[in-house]
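Examining the three-dimensional arrangement
Letter by letter, the chains look like this.
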Amino acid sequence: MIAPTSVDTNLQQLLEDVNQGKIQLPEFQRNWTWDDNRIRGIIASLSQGYPMGAIMRLQYGNPDIQFKYRTIEGVQTVDVVSDYLVLDGQQRLTSIYQAAFSQEAVKTKTEQDKEIRRFYYLSMPKCLDENEDRVDAVYSIPEDRKVKENFNRTITLDLSSREKEFEQKMFPLNIVYHSELFMDWMMGYLDYYDEDKEARELFKSFHSKILNTITAYKLPVITLDKSTPREAVCKVFENVNTGGVPLTVFELVTAMFATHEFDLRADWNKCRKVIRGEGDSLQTDLLYGIDETTFLTAVTLYTSYMDKKSGKTGAVTCKKKDVLRLKYDSYIAYRDAVLTGFQLARNFLLQYQCVFRKRDLPYTTQLIPLSVICAILGKSKCDSPNTIKILSQWYWCGIFGEMYGGANETRYANDVEDVIDAVNGKENPARTINASFFSATRLITLQTRNSAAYKGVMALLYQHKCRDFMNGITIDVINSMIESPDIHHIFPEAYCENVGIPRRRYNSIVNKTPLLPATNRCIGGKAPSIYTKRILKNVDGLTETELRKRIESHFVDYDALVADDFDTYFIHRAEAILGLIEEAMGKEIYDGNSEDTVNEFGIALTPTHDFKS
């Protein structure tokens, strides 16, 4: 429960607090980025008293939220403990501080991203002219206080001395909040125009209508007290910072680890190379989807398991709030073990499950518990046939049960405990295995490669050494790295459309298989009876007996295929794929004879396990 307070606060007080380091920025905040035109715009709004939004800040001092912080850009380095950290409003506050409070030229940029240094002035006559757009009364002046044209040969406005400022009736904005500097300037102006009543009245009106508006300006300041939990800080920042860079869990943990003089982002860049297997003999993008937050979640899950095992905690968990509570010491202690876990998981997928590339990976999320399980077991146990069998059943139940499609932190934790216990011969609930279920009718609805189960079926075909129709190679890990297979229709789409086969059938997973590009080109849009003859003609020495073996390695009824008998072929292959799924899950598919299955396929289906390729 958080209870933020909102108080209208004098802008001058905020700027003084910024200057003294009482208000600073958490390290995760992006840098100040506003350009010259945006600065002029906010100065115009300030001089008119227009609202410019609230500032949100976090009271510093919670021992559980030890962010590294830095001064707002433009502030001279101050060695003080910050009272507040700005969560929202940094760009506005920094722009006003630099333009209206700091005595240094503002380091900004043009709309074309050219770096410039500027001082800002208010034209007194234009500010008081109701026909002038206020932003046109705000002047951006180069660091030498001279505006030049004609390739810097002609000075069109010179404000390089106080007398020239007085002469042009241009007020330097950066003295408005400094009483001594302001009084000196005002007295100098009045002395300069000692005999000019009109000029003196101009300043009097400018002071009353413009400067008083600026100095009396108040901003609503929302303050989160120091008892606000980390996850709330993260969520609040995400909600209010929609126009900037969103604050991720990783950025927040990075800010906390920085207090240990540790650069988590630099460390992650090293870890990412290990996870991706950079430098390994076999190069694949399989684990390129693992990002920094996924990695932190895995480290948190591992840490939680080890803490429970040692009696420090009572539950295994890796929810967002747990990641935000990950201690630096735990990260350092367990990071390398988790990196090893990812390496072992990568090998498990490549060697035993025939998942070769990122695009073949059913669920990136399932890699979190998989890597942690491998990290806990270690290489020796992971290579054990018994472990591979247990891990494989859990893996395929997760895929074909489609258990990893949403927020799964609870499932991650359950699966780690269940699988580890199973490997160690202990009783366990086997929650994912027992909850998983694959329906025979799902084969019809698997239409695109976006589905985890769709990718799973393709991996099972790879596992069973399906061979390319034309060159005969098996689509295994090595060959798939040499030449990339893709998923193609067995009964071609054009042919099916021509003969009136429903798209729902011909475009389902039942009618698709991995083939190399040359074979797909040879198939074209012709009937199977035609393209099989074309393949035999185009491949020297290829016999029909050999072609039959290659096609049957995809669990296709060759005789039905070459007879263009789609219905017989379709039922036969559906039953074969269901048999592969049953074997992978170690569970029976019970709805083969259900009413829904009969409605979809026109017949009850019996999964087959004895189809000879």
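Cut-offs used in this document
Residues numbered from 1 in each chain as written. Predicted model: local features only at pLDDT ≥ 70, side-chain atom pairs only at ≥ 80, totals over all residues. Heavy atoms only, no water. 1 Å grid on protein atoms, 1.4 Å probe; cavity = no way out; pocket = protein on both sides within 12 Å on 5 of 7 lines; lining within 4 Å. Points joined across faces, edges and corners; volume = space filled by probe spheres on them. Helix = DSSP H or I, 4+ residues; strand = E, 2+ residues; numbered from the N terminus. Nonpolar A, V, L, I, M, F, W, Y, C, P; charged D, E, K, R; others polar. Polar contact = N/O pair within 3.5 Å; in protein donor to acceptor, adjacent residues only side chain to side chain. Contact = heavy atoms within 4.5 Å. Phe/Tyr/Trp six-rings, centres within 6.5 Å; stacked < 30°, edge-to-face > 60°. Buried < 20%, exposed > 50% of the residue type's maximum accessible area, 1.4 Å probe, protein only. Lys NZ or Arg CZ within 6 Å of the ring centre and 35° of its normal. Pairing = 2+ DSSP bridges.

With that settled, consider empty space enclosed by the protein. The probe, sized like a water molecule, is rolled over the atoms to show the empty space still left. Per the stated rule, a full pass over the model turns up two cavities of 30 Å³ or more. By volume, the largest cavity is sized at about 100 Å³. When residues of the lining of the largest cavity are traced back to their parent elements, those giving at least two are helix H19 (452-463) and strand S13 (486-489). Of the residues in the lining of the largest cavity, the class split is six nonpolar, no polar and five charged. Counted as a void, the second largest cavity has a volume near 50 Å³. Around the second largest cavity, the lining residues are Leu344, Asn347, Phe348, Tyr352, Cys382, Asp383 and Leu391. A per-element tally of the lining of the second largest cavity places helix H13 (residues 328-352) first, with four residues. Its residues assigned to classes, the lining of the second largest cavity comprises five nonpolar, one polar and one charged.

Tracing the sequence through the fold places Thr223 in strand S12 (residues 218-224). A distance of 3.0 Å separates a polar atom in the side chain of Thr223 from a polar atom in the side chain of Arg57. Ignoring sequence-local partners within four residues, the contact set of Thr223 consists of Pro4, Thr5, Arg57 and Tyr84.

The subject of this paragraph is the packing of aromatic side chains. Evaluated as defined, the whole model comprises 37 aromatic pairs. Pairing Phe348 with Tyr395 gives two aromatic rings, centres 6.0 Å apart and planes at 90°, and the pair type is edge-to-face. Within this pair, whereas Phe348 is found in helix H13, its partner Tyr395 is found in helix H15 (residues 385-400), the two being separated by 47 residues in sequence. In this structure, Phe348 and Tyr395 share a single accessibility class: buried. Here the aromatic residues Phe166, Phe171, Phe182, Trp185, Tyr189, Tyr192, Tyr193, Phe203 and Phe206 are joined through ring pairs into a cluster of three or more. Sitting over the face of the ring of Tyr84, Arg57 holds its NZ or CZ atom 3.7 Å from the ring centroid. The ring of Tyr288 has Arg276 sitting right over it, with the charged end atom 4.1 Å from the ring centre.

Attention now goes to the environment of Cys127. With respect to the secondary-structure elements, Cys127 resides in helix H4 (residues 124-127). Residue classification places Cys127 among the buried residues on the basis of a relative accessible area of 4%. Each residue touching Cys127, except ones within four places of it in the same chain, is listed here: Leu122, Arg134, Ala137, Phe206 and Ile210.

Before going further, it helps to examine the pairing of S12. In summary, the side chains of a regular strand alternate between the two faces of the sheet. The pairing of strand S1 (residues 5-10) with S12 spans six bridges and is antiparallel. Residue pairing for S12: Ser6 is matched across the bridge by Ile222. Where strand S3 (residues 55-59) and S12 come together, four bridges link them in parallel fashion. Pairing of Ile55 across the sheet is with Val221, part of S12.

To continue, consider the side chain of Asp418. Tracing the backbone shows Asp418 in helix H16 (residues 409-423). According to the relative accessible area criterion, Asp418 is buried, its value standing at 4%. Separated by 2.8 Å, the side chains of Asp418 and Arg431 make a polar contact. Those residues within four positions of Asp418 in sequence are excluded, and the remaining contacts are Asn428, Pro429, Ala430 and Arg431.

Our focus in this paragraph is the environment of Val138. Following the sequence through the fold, Val138 ends up in strand S8 (residues 138-142). Using a relative accessible area of 2% as the deciding quantity, one classes Val138 as buried. Put simply, Val138 and Asp559 are 421 residues apart on the chain and 84 Å apart in space, counted from C-alpha to C-alpha. Sequence-distant contacts of Val138, that is, excluding residues within four places in its chain, are made with Arg40, Ile43, Ala44, Tyr120, Tyr121 and Leu122.

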